[in-house]
Every structure is written in structure tokens, then in C-alpha cells.
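Descriptive analysis of the structure
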Amino acid sequence: MQFTALVSLVAASVAIASPAAHLKKRATCPGGQTVDEAQCCIWFDVLDDLQTKLFNDEKCESGVHHALRLSFHDAIGFSPALTASGQFGGGGSDGSIIEHADVELTFTHNGNLGGIVASERSIALAHNVSFADMIQFAAAAGVASCPGAPRLEFLAGRPFTSQASPPNLVPGPEHTVTRILDRMADAGFSANETVDLLASHSIADQHGLNPGIAGSPFDSTPHRFDTQFFIETLLKGVLYPGSTIGFAEVLSPLPGEFRMQSDFAIARDPRTSCRWQELADNPQLMRTAFRTAMAKLAALGNDRSTLVDCSSVIPNPDDDDTEPTLPGGKVADDIEGSCAATPFPVLPIAPGPTPTIPAVRVAI
Ligand code: HEM
Ligand SMILES: *[C@@H]1O[C@H](CO)[C@@H](O)[C@H](O)[C@H]1NC(C)=O
Ligand SMILES: *[C@@H]1O[C@H](CO)[C@@H](O)[C@H](O)[C@H]1NC(C)=O
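Small disclaimer: the values here were computed from a predicted structure and weren't measured. (Residues numbered from 1 in each chain as written. Chains lettered and ligands numbered in written order. Predicted model: local features only at pLDDT ≥ 70, side-chain atom pairs only at ≥ 80, totals over all residues. Heavy atoms only, no water.)

Moving on: the layout of surface pockets. Here the largest pocket defines a volume of roughly 890 Å³. Forming the walls of the largest pocket are 37 residues, and the residues nearest its centre are R69, F72, H73, H201 and M260. Of all the elements in the fold, those that place two or more residues in the lining of the largest pocket are α3 (62-75), α9 (177-186), α10 (191-197), β4 (205-206), α12 (261-268) and α14 (283-299). Among the elements that make up the lining of the largest pocket, the one with the highest residue count is α3 (7 residues). (1 Å grid on protein atoms, 1.4 Å probe; cavity = no way out; pocket = protein on both sides within 12 Å on 5 of 7 lines; lining within 4 Å. Points joined across faces, edges and corners; volume = space filled by probe spheres on them. Helix = DSSP H or I, 4+ residues; strand = E, 2+ residues; numbered from the N terminus.)

Turning our eyes to something else, we now look at the pattern of salt bridges. A pair can form between side chains of opposite charge whenever their charged atoms are brought close. Scanning the model with the defined rule gives 15 salt bridges in all. For R26, the salt bridge goes to D36, with nearest N and O atoms at 3.3 Å. Taken together, the residues span a long stretch of sequence, with R26 in the loop between α1 (2-17) and β1 (27-28) and D36 in the loop between β2 (34-35) and α2 (42-53) at a distance of 10 residues. You can call D36 partly exposed: its relative accessible area is 28%. Put simply, R361 and E58 hold a salt bridge, and the shortest N to O gap is 3.2 Å. Placement of the pair is R361 in the segment after β8 (308-309) and E58 in the loop between α2 and α3, with a sequence separation of 303 residues. Given the relative accessible area of 48%, R361 is considered partly exposed. (Salt bridge = Lys/Arg side-chain N within 4 Å of Asp/Glu carboxyl O. Buried < 20%, exposed > 50% of the residue type's maximum accessible area, 1.4 Å probe, protein only.)

Among protein atoms, the single one acting as a donor to the iron atom of ligand 1 is H201 (NE2), 2.1 Å away. Note on placement: H201 falls in the loop between α10 and β4. (Donors = N, O, S within 2.8 Å, 3.2 Å for Na, K, Ca; no water.)

Take the packing of aromatic side chains next. Aromatic ring pairs: the centre-centre distance and the angle between the two ring planes describe each pair. The full count for this structure, using the stated rule, is 8 aromatic pairs. On the numbers, 6.3 Å between centres and 50 degrees between planes, the contact of F218 with F258 is tilted. With F218 in the loop between β5 (216-217) and α11 (228-232) and F258 in the loop between β6 (249-250) and β7 (259-260), the pair connects residues that are 40 residues apart, well separated along the chain. Here F230 and W276 contribute two aromatic rings whose centre-to-centre distance is 4.9 Å and whose plane-to-plane angle is 80 degrees, an arrangement assigned as edge-to-face. Pair noted here: F230 is in helix α11 and W276 is in helix α13 (residues 273-280), with a separation of 46 residues, a long-range link. No difference in accessibility class separates F230 from W276, as the two residues are buried. (Phe/Tyr/Trp six-rings, centres within 6.5 Å; stacked < 30°, edge-to-face > 60°.)

Next up on the list: the site of ligand 3. Lining the immediate environment of ligand 3, one finds N192, C274, R275 and E278. For ligand 3, an oxygen atom lies 2.4 Å from a polar atom in the side chain of N192. Counting residues per element, the shell around ligand 3 draws most heavily on α13, which supplies 3 residues. Looking at the shell around ligand 3 residue by residue, the classes come out as 1 nonpolar, 1 polar and 2 charged. (Near = heavy atom within 4 Å. Polar contact = N/O pair within 3.5 Å; in protein donor to acceptor, adjacent residues only side chain to side chain. Nonpolar A, V, L, I, M, F, W, Y, C, P; charged D, E, K, R; others polar.)

Let's shift gears to the site of ligand 1. Close to ligand 1 lie 24 residues, the nearest being H66, H201, D205, H207 and G208. Contacts to ligand 1 include H201, whose side-chain N or O atom sits 2.9 Å from a nitrogen atom. Between ligand 1 and D205, the relevant distance is 2.9 Å, taken from an oxygen atom to a side-chain nitrogen or oxygen of the residue. Cavity membership is defined here by more than half of the atoms lying within 2 Å of grid points; on that basis ligand 1 lies in the largest pocket. Those elements that place two or more of their residues in the shell around ligand 1 are α3 and β4. (Sits in = over half its atoms within 2 Å of the grid points.)

Put simply, α3 and α14 touch, their axes get as near as 10 Å, and they point 50 degrees apart. In this view, α3 runs oblique relative to α14, as classed from their interaxial angle. Contact residues: α3 offers L68, S71, F72 and A75, while α14 offers F290, M294 and L297. By residue class, the composition of the contact of α3 with α14 is 6 nonpolar, 1 polar and no charged. (Axes fitted to C-alpha atoms, helices over the stretch in contact; angles between N-to-C directions. Parallel < 35°, antiparallel > 145°, perpendicular 65-115°, else oblique. Contact = heavy atoms within 4.5 Å.)

Attention shifts here to the nonpolar core. Among the nonpolar cores identified, the biggest contains 89 residues, and W43, L50, F137, F230 and W276 are the most heavily contacted of them. By residue number, the principal contributor to this core is helix α8 (residues 131-143), which donates 9 residues. Residue contacts for F137: discarding those within four places in its chain leaves W43, V46, L47, L50, F154, V313 and I314. (Core = buried A, V, L, I, M, F, W, Y, C linked by side-chain atoms within 4.5 Å.)

Glancing now at a nonpolar patch on the surface. The grouping of Y240, I245 and L251 at the surface amounts to a nonpolar patch, some 260 Å² of accessible area in total. In this fold, L251 is placed in the loop between β6 and β7. (Patch = residues over 30% accessible without salt bridge, like charges linked within 9 Å, V, L, I, M, F, W, Y side chains within 5 Å. Areas by Shrake-Rupley, 256 points an atom, 1.4 Å probe, with all protein chains shown as cover.)

Function cannot be inferred from these measures alone, as they are strictly geometric.
This is the structure:
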């Protein structure tokens, strides 16, 4: 108690001494953490709930993967082109995928989001935070548990109510690169920024495309935010990991690993392949570019200046000091180098035979 009082006193005197700081309402939360704005304190309680109820007190497991995917599927319901044509274009990161789950979860590309929507809805209601904030907070807090990830920005204060997103705004794995890039450009993302966002598939796995191999990941390290996804998607496809071929599934380089058509195509398309290759060998750029693109995604449809920066609630991710590597049993010739301007970098090869990639455990 005495310590808490002292911290408040120090914070108060800093506020008086510094002309800029007086605008901020620095506060000490009930748990003892210091934040810039008192209204950020609630997010420490939400974080505790998330860790136990959604992330099962584990790191970078399936609850985190679902939460990150949900942040995209809420946000991308946003089309300035539709708005310009006189229709409702969607509210972006507005929580509509939870508030109007009855509508949006019927969209084909929102498959397998029912569980995470129900969990986040109940946690948001318990703490009286908006669904829109809840979705972006869960993604940022979840990503923070993945070694190698950036510490994402988290802004609070999105509205509590929304309208259902129009259909057909979520990109699908069967779509052409042109269709995906056009859709993303409509929402405000360049081709390179779309690649930057796909760093998310470094901590991801599938459930609905081939249910027979639910949990099959998109790279060999779905619990680490590393560049293996950008490397492994460029390897020659040689096998199907399941006993049947799934929806929009294409040949994979490694047993157990799942490759979707759109990732295969974006990795090789002249509009995106150089960015893809650049990220394959540059974990630092992958982190900063993902952080920047996620900040934009999380704010879609909102006016940033009306939101409050509560980023200090997001935990610091662990480092990942593993090197970008070709999986065991692969050689440089297995890479389908697709950036015309620059040859694919020479990477070390992991020792041992070709690994079989285990499925991500389906926890929730
Ligand atoms: C732009 C084109 C994209 C396409 C076509 C696409 C497609 C998909 C598909 C089909 C799945 C498998 C879902 C399932 O069967 O469970 C998936 C999973 C996932 N996606 Fe994407 N995605 C895209 C972009 C993004 C973006 C921008 C993010 C986040 C910023 C994201 C995050 C994830 C995550 C984290 C998973 C794993 C979900 C889980 O394990 O439950 N994706 N994506
Ligand atoms: C929930 O939060 C909103 C917006 O901050 C506020 O208007 C409302 O009074 C709160 N409801 C309860 C029950 O605290
Ligand atoms: C996209 O990224 C590539 C590779 O980093 C770069 O060469 C190119 O200039 C970028 N394009 C734009 C429009 O920034």
C-alpha cells in the first residue's frame, strides 16, 4: 500500500514537472502496474482471464492462433469501394464478427471461428469492454506469447456497437492472387503489406480445409514467430500430408505440414515474391513489418486519435534466437526462387532427415 502511494506521488510530480505529461492521466492499477491512462487498468484483468480461459496458460498454442485469425476476420470486413458505391461497406475492426455472429459466421471463409467468438464474447461481457477492443487485445496478448514475435500495439476505445459486415469481404485460400491483392488494396493494404500480414501464418494451422488432419500447421514451427513459413512455402511441393486432399490444398514439402493454394501462389507471384523472399531471411524485418501492418489492421474503420494507447499492458514476448534454416533433408535446389531481381539467400540446412511436422493440439 505504502509503495503504491509512493508510486502515485512520483507519477504526480512527474506530471507537474513535464508540460507534455500533464495531458496524460498516469495511474497505478490495483495490481500495482503503472499505466499512462487509468482506463488501461481493466486490461490487466482481461489479460488474466484470457490466459486461463482462452490460452490455457500455454504459449502460442491453438487459442492464440484462433485469436489472431479472428482479429483479421473482424477487421477485413471493411470496403471503402462498397461505401463509395453507396452501400454499407463494413466497420472494420468493430467487433461485428462477435456482435453479429449469427450473420458473419455463416460466411464460408469464417469457418471454424465459432469457438473463439463464444469465448471472447463472454470475457468481453464479464469485463464490460467492447467486442472490437476484445478481439484486437486478445490477438496482441496472444501473439506476445510466441517467442520471436513483436510486441504489438494495443489501442482501446473502439465503439460497443456495430453493424454486420457485408458478405464476400474475407479472402479465401482458393482465391487468385489478383483477387486477394485487390481485396486487400480496397481495405488499404499494399501487396507488400499483405505479405507482411501473412507472417501470421508462421504461427498458424488449419482445421476446416482438411478436417482429417486438423491442426496441421503451415510451417514446421507453429509455436514460434520465425521466418520458417516464408522459407518452407517456397520449397517444392512433393506430398499431401493427409489421406485425402483438402479444400484449396496444394502439395506440401514436409509430412504433416499443410500448404494452402493462396500462400503457394502469393509466395511465387511477381507482385509479392521479392517481399516474401526478403522476409524469409530477415526475422527483424518480419517482426517490425508485422507490427506496423497489424497496427493498421487493428485500427481499420476507427479514428486512431480517439483511441487510448494501452500497449503497456501487452506482455513482452520472449526472444527467438534460432536461425532461418532449410529443413533437414532439403537442399538449396528444392527452393523455387521466385524473386527475379535477387537470388534466394544461401541458408544453413538443419541436420538429420526430413522431419515430420506434428499437428498443433486442438485445445479449444
Ligand atoms: C490474405 C489472405 C489470407 C487467406 C486466404 C487466409 C486463409 C486462411 C485459412 C484458409 C486458414 C485455415 C483456417 C482453418 O481451417 O482453421 C487460415 C488460418 C489462419 N490465418 Fe489466415 N489467411 C489470410 C490472411 C491472414 C491474416 C492477414 C492473418 C492475421 C493477421 C491470418 C491469420 C491466420 C491464423 C493465425 C490462422 C490459424 C488459425 C487457427 O489455427 O485456428 N491470416 N488462414
Ligand atoms: C460499460 O461500459 C460502457 C462504456 O464505457 C458504459 O457506458 C457502461 O455504463 C458500462 N456498463 C456497466 C454495467 O458498467
Ligand atoms: C516491396 O518489397 C520489395 C522487397 O523488399 C521492395 O523491393 C519493393 O520496393 C517494395 N515495394 C514497394 C512498393 O514498396
